[in-house]
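Read off the chains here:
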Amino acid sequence: MTAARTATARALPPVLLLVVLLATWQTVVVVGQIPAFLLPSPSAIGSELVALWPTISSAILVTGGNSLLGLLLGALIGVVVAVVAGLLPSADRMLQPFVAGLAVVPIVALAPVLYTMYGAASEVARVIVAAIAAFVPVFVTTTRGLRQVRPVHRDLMRAYGATPRQATVTVTVPTALPFVFTGLRLASSLAVISAIVAEYFGGPRTGIGSFITTAAAGSNYARAWAFVVGGILVGLAFYGVTLAAEHLVRRRSGPRAG
Amino acid sequence: MTIQTAPQREEHPRGAVAVEVTGATRVFQGSAGTVTALDGVDLTVGAGEFVSLIGPSGCGKSTLLRLIADLDRPTAGTIEVFGRTAEQARLAHDYGIAFQQAGLLPWRTVRANIELPLAMHGTGRAARRERADHLIELVGLTEFADHYPDQLSGGMQQRVAIARAVAEEPSLLLMDEPFGALDEMTRERLQGELVRICAETRAAVVFVTHSIPEAVFLSDRVVVMSARPGQIREVVDIDLTRAARSDEGLREDAAYFAAVTRVREALHHGSPTPAQGVELR
């Protein structure tokens, strides 16, 4: 009861701000008679959103599916490669410049090449772009997390005569886990953005990004904005879920005082 | 000086000698050259005996403890624990250990932390729980059994660490300044508890400390070390019975003060300035 009231009290100010912003936007557009190609009004975007909801929702599912698959793939590879790098110092030295390079490469620029490789009717190119984007933060944070084991815990494991496997399960993984989930949260936004932007460069006309380009090309600005709102929904959902997962793990894990 | 035989030393199931250090030398190779942390140290700790290592910072007392625990290897010399090598003893779980940092796993409750060595060495769930409950009671944390370490004070965390160290009823307890980071009042209370726990478990103890009163209060013998290179300067026998030690009045006893003075003189013997890093209070 009180918890619910506190949550409401905390959520109220930002919601109010959103309402005020939308109202101001609407007023400026109507009173200033701003043309739709410059800035459509929130009410116009809203009515497009309602009218096109079947299309938007299916586009959300397609783009969300690509992002999710890419995120899982990229995260899995990121964790595995980080563990290998943690076990073999030589592999670590080999990988570090490679990953640094991967981090600065504009990954979505790969999309046109990948479309040619996998065919214009396939979603594979988008999944790959999302996976590469997700890989980098997960690899970086997991590598960090695996190095956080405290010396006193390492001594303890040795004193107990723990096998490498026991030490990993008892100390290394619980220490690294919050770092992995932080990487996952950062990766989730990147995966969604990359999946959407990859759609700008071609491929099947199924996802949010494809519909945004089509609507904008056809001067349907309010419609383009409605699909942007759909993209925002995908991004928020991914961020919210990974943030909740991170909190859950962090509550009872990871390096803390003591 | 009368030397009393330490009680419980006879008829110990593990034989007469817990730790036998012979000519232990440890040289560290650093970027700033070589440092001799220990130089030809000989030390024998009897079964059930409480021995403190005291000395200025850098005298190698922690290094000696780590060699006995097989957390580090000597450059020269041998170390035997209950008649086997330090490594065999470690792998046989012959000792329990506590450090200056409690080193609890923050994602485990108090009970789960105490059960950790038992769980890792294959004790069944029910037996584990029973043993942990007994130990939690022994260190007076019954109400906190399901708390997490970060919900406890430093002194309480250290009590959990001690309970964890004695969880497997080891015949040897290795303690590296376990009370070093605690305030004086908590420290004296935990010293009293340690005496009580040792009386119950009959373990031999090697105890590293900076504090002369702490060493005297707890020990059968105090090993006074000197730095650069780390060597044993003198071994002071403390003629206080364990029965007397379980009494807080001991801290105001004349024999206790006499022993404190003897250790202090041994520490300062031959050095023109007071040894650095030793608490003289």
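Predicted model, so just to flag it, every value in this text is computed and none were measured. (Residues numbered from 1 in each chain as written. Chains lettered and ligands numbered in written order. Predicted model: local features only at pLDDT ≥ 70, side-chain atom pairs only at ≥ 80, totals over all residues.)

1. Topic: the overall build of chain A
And step 1. A tally of helices and strands in chain A yields 10 helices and 0 strands.
And step 2. Listing each helix as α and each strand as β along chain A from the N terminus yields α-α-α-α-α-α-α-α-α-α.
And step 3. Considered along the principal axes of its C-alpha atoms, chain A spans approximately 75 × 55 × 30 Å.
And step 4. In chain A, the share of contacts with a sequence separation of at least 24, taken over all contacts with a separation of at least 6, comes to 78%. (Helix = DSSP H or I, 4+ residues; strand = E, 2+ residues; numbered from the N terminus. Contact = placed C-beta atoms within 7 Å.)

2. Details of the sheet that holds strand 1 (residues 17–30) of chain B
Residue and element names in this part refer to chain B.
And step 1. Pairing within the open sheet is antiparallel, and its 4 strands lie in the order 2-1-4-5. Either end of the sheet is taken by a strand with one partner, and the two such strands are strand 2 (33–46) and strand 5 (84–85).
And step 2. As paired elements, strand 4 (residues 76–81) and strand 5 share 2 bridges and run antiparallel to each other. From the neighbouring strand, Val81 faces strand 5, where its bridge partner is Arg84.
And step 3. Packed on one face of the sheet, helix 1 (residues 61–68) meets strand 1, strand 2 and strand 4 and runs near 120 degrees to strand 1. (Pairing = 2+ DSSP bridges. Axes fitted to C-alpha atoms, helices over the stretch in contact; angles between N-to-C directions.)

3. Some details on the confidence of the model for chain B
Residues and elements named next belong to chain B.
And step 1. In the predicted model, chain B carries a mean pLDDT of 83, and 86% of its residues have values of at least 70.
And step 2. When mean pLDDT is taken per element in chain B, strand 8 (residues 204–209) scores highest with 93 and helix 8 (residues 242–245) scores lowest with 60.
And step 3. This stretch, residues 1–10, has a pLDDT under 50; its non-local contacts, to residues over four places away or in other chains, come to 17 contacts.
And step 4. This complex was scored by the predictor with a pTM of 0.76 and an ipTM of 0.83. (pLDDT = per-residue confidence, 0-100.)

4. Regarding the packing of helix 5 (residues 111–118) of chain A against helix 6 (residues 124–146) of chain A
Between two packed helices, what matters for the description is the angle formed by their axes and the separation of those axes.
Residue and element names in this part refer to chain A.
And step 1. Remark: helix 5 packs on helix 6, axes separated minimally by 8 Å, with the N-to-C direction vectors making an angle of 140 degrees. In terms of axis orientation, helix 5 runs oblique to helix 6. When you trace helix 5 past helix 6, the crossing you get is right-handed. Contacts between helix 5 and helix 6 involve Ala111, Leu114, Tyr115 and Tyr118 from the former and Val124, Ala125, Ile128 and Val129 from the latter.
And step 2. Residue composition of the contact of helix 5 with helix 6, grouped by class: 8 nonpolar, no polar and no charged. (Parallel < 35°, antiparallel > 145°, perpendicular 65-115°, else oblique. Left-handed = near helix turned anticlockwise from the far one by under 90°. Nonpolar A, V, L, I, M, F, W, Y, C, P; charged D, E, K, R; others polar.)

5. Quick notes on the sheet that holds strand 7 (residues 172–176) of chain B
Residue and element names in this part refer to chain B.
And step 1. Strands sit in the order 6-7-8-3-9-10 across an open sheet of 6 strands; the sheet is mixed. Where the open sheet ends on each side, the last strands, each with one partner, are strand 6 (95–98) and strand 10 (231–237). Put simply, the sheet's adjacent strands are angled 15 degrees from each other on average, direction ignored.
And step 2. As paired strands, strand 9 (residues 221–226) and strand 10 are joined by 6 bridges and run antiparallel to one another.

6. Side note on the domain arrangement of chain B
A common way to express how large an interface is: the accessible area buried when the components associate.
Residues and elements named next belong to chain B.
And step 1. Each domain of chain B was delimited in the assignment, giving domain 1 (17–94 + 171–268) and domain 2 (106–169).
And step 2. A straight line from the C-alpha centre of domain 1 to that of domain 2 covers 24 Å.
And step 3. The leading source of residues in the side of domain 1 that touches domain 2 is helix 6 (residues 184–201), at 6 residues.
And step 4. When its residues are assigned to classes, the side of domain 1 that touches domain 2 shows 8 nonpolar, 3 polar and 1 charged. (Domains from an automatic or database assignment.)

7. Quick notes on the pairing of strand 6 of chain B
Residue and element names in this part refer to chain B.
And step 1. With burial as the criterion, each face of strand 6 is covered, one bearing Tyr95 and Ile97 and the other bearing Gly96 and Ala98.
And step 2. In terms of strand pairing, strand 6 meets strand 7 through 4 bridges, oriented parallel. The residue of strand 7 that forms the bridge with Tyr95 is Leu172. (Buried ≥ 20, exposed ≤ 12 C-beta atoms within 10 Å, placed from the backbone.)

8. Some remarks on the interface of chain A and chain B
And step 1. Taken together, the contact pairs 17 residues of chain A with 19 residues of chain B.
And step 2. Those elements that place two or more of their residues in the side of chain A that touches chain B are helix 7 (151–159) and helix 8 (164–199) of chain A.
And step 3. A total of 6 residues in the side of chain A that touches chain B trace back to one element, the largest contributor, which is helix 7 of chain A.
And step 4. Of the residues belonging to the side of chain A that touches chain B, the class tally is 7 nonpolar, 6 polar and 4 charged.

9. Remarks on the nonpolar core
Note that soluble globular proteins tend to have their nonpolar side chains buried in a common cluster.
And step 1. Core analysis: the largest hydrophobic core is formed by 87 residues, its most contacted members being Ile68, Leu174, Val205, Val206 and Val263 of chain B.
And step 2. Per-element accounting of this core gives the leading share, 6 residues, to helix 5 (residues 154–165) of chain B.
And step 3. When residues of this core are sorted by domain, at least three fall in each of domain 1 (17–94 + 171–268) and domain 2 (106–169) of chain B.
And step 4. Each residue touching Val263 of chain B, except ones within four places of it in the same chain, is listed here: Ile54, Ile212, Ala215, Val216, Val222, Val224 and Val236 of chain B.
And step 5. Among the nonpolar cores identified, the runner-up in size contains 56 residues, and Leu184, Ala224, Trp225 and Phe227 of chain A belong to it. (Core = buried A, V, L, I, M, F, W, Y, C linked by C-beta atoms within 7 Å.)

10. Looking at helix 7 of chain A
And step 1. Within the span of helix 7 of chain A, buried status applies to His153, Leu156, Met157 and Ala159 of chain A. Summarising the axial view, the buried residues of helix 7 of chain A lie within an arc of 160 degrees, below the 170-degree limit, and thus occupy one face.
And step 2. Buried positions along helix 7 of chain A lie against helix 8 of chain A together with helix 2 (86–91) and strand 6 of chain B.
And step 3. Directly beyond the C-terminal end of helix 7 of chain A, a positive phi value near 60 degrees is found at Gly161 of chain A. (Arc of directions from axis to C-beta.)

11. Regarding the packing of helix 3 (residues 53–87) of chain A against helix 8 of chain A
All names here are of chain A.
And step 1. Direction vectors running N to C along helix 3 and helix 8 enclose 140 degrees, while the axes themselves pass 9 Å from each other. Between helix 3 and helix 8, the angle falls in the class oblique. Helix 8 is crossed by helix 3, and the crossing has right-handed handedness. Listed contacts from helix 8 to Thr63, Asn66, Ser67, Gly70, Leu71, Gly74, Ala75 and Val79 of helix 3 are Val180, Leu184, Ala187, Ser188, Ala191, Val192, Ala195 and Ile196.

12. Notes on the environment of Thr25 of chain B
Residues and elements named next belong to chain B.
And step 1. By secondary structure assignment, the location of Thr25 is in strand 1.
And step 2. The class for Thr25 is partly exposed, based on 18 C-beta atoms found within 10 Å.
And step 3. Through-space distance from the C-alpha of Thr25 to that of Ala227 is 13 Å; in sequence the pair is 202 residues apart.

13. A look at unusual backbone geometry
And step 1. Even without glycine at this site, Ser219 of chain A takes up a positive phi of about 60 degrees.
And step 2. Tracing the chain through its elements places Ser219 of chain A in the loop between helix 9 (208–217) and helix 10 (221–251).
And step 3. We classify Ser219 of chain A as exposed; it has 10 C-beta atoms within 10 Å.
And step 4. Here the phi dihedral of Asp70 of chain B falls at roughly 60 degrees; this positive angle occurs in a residue that is not glycine.

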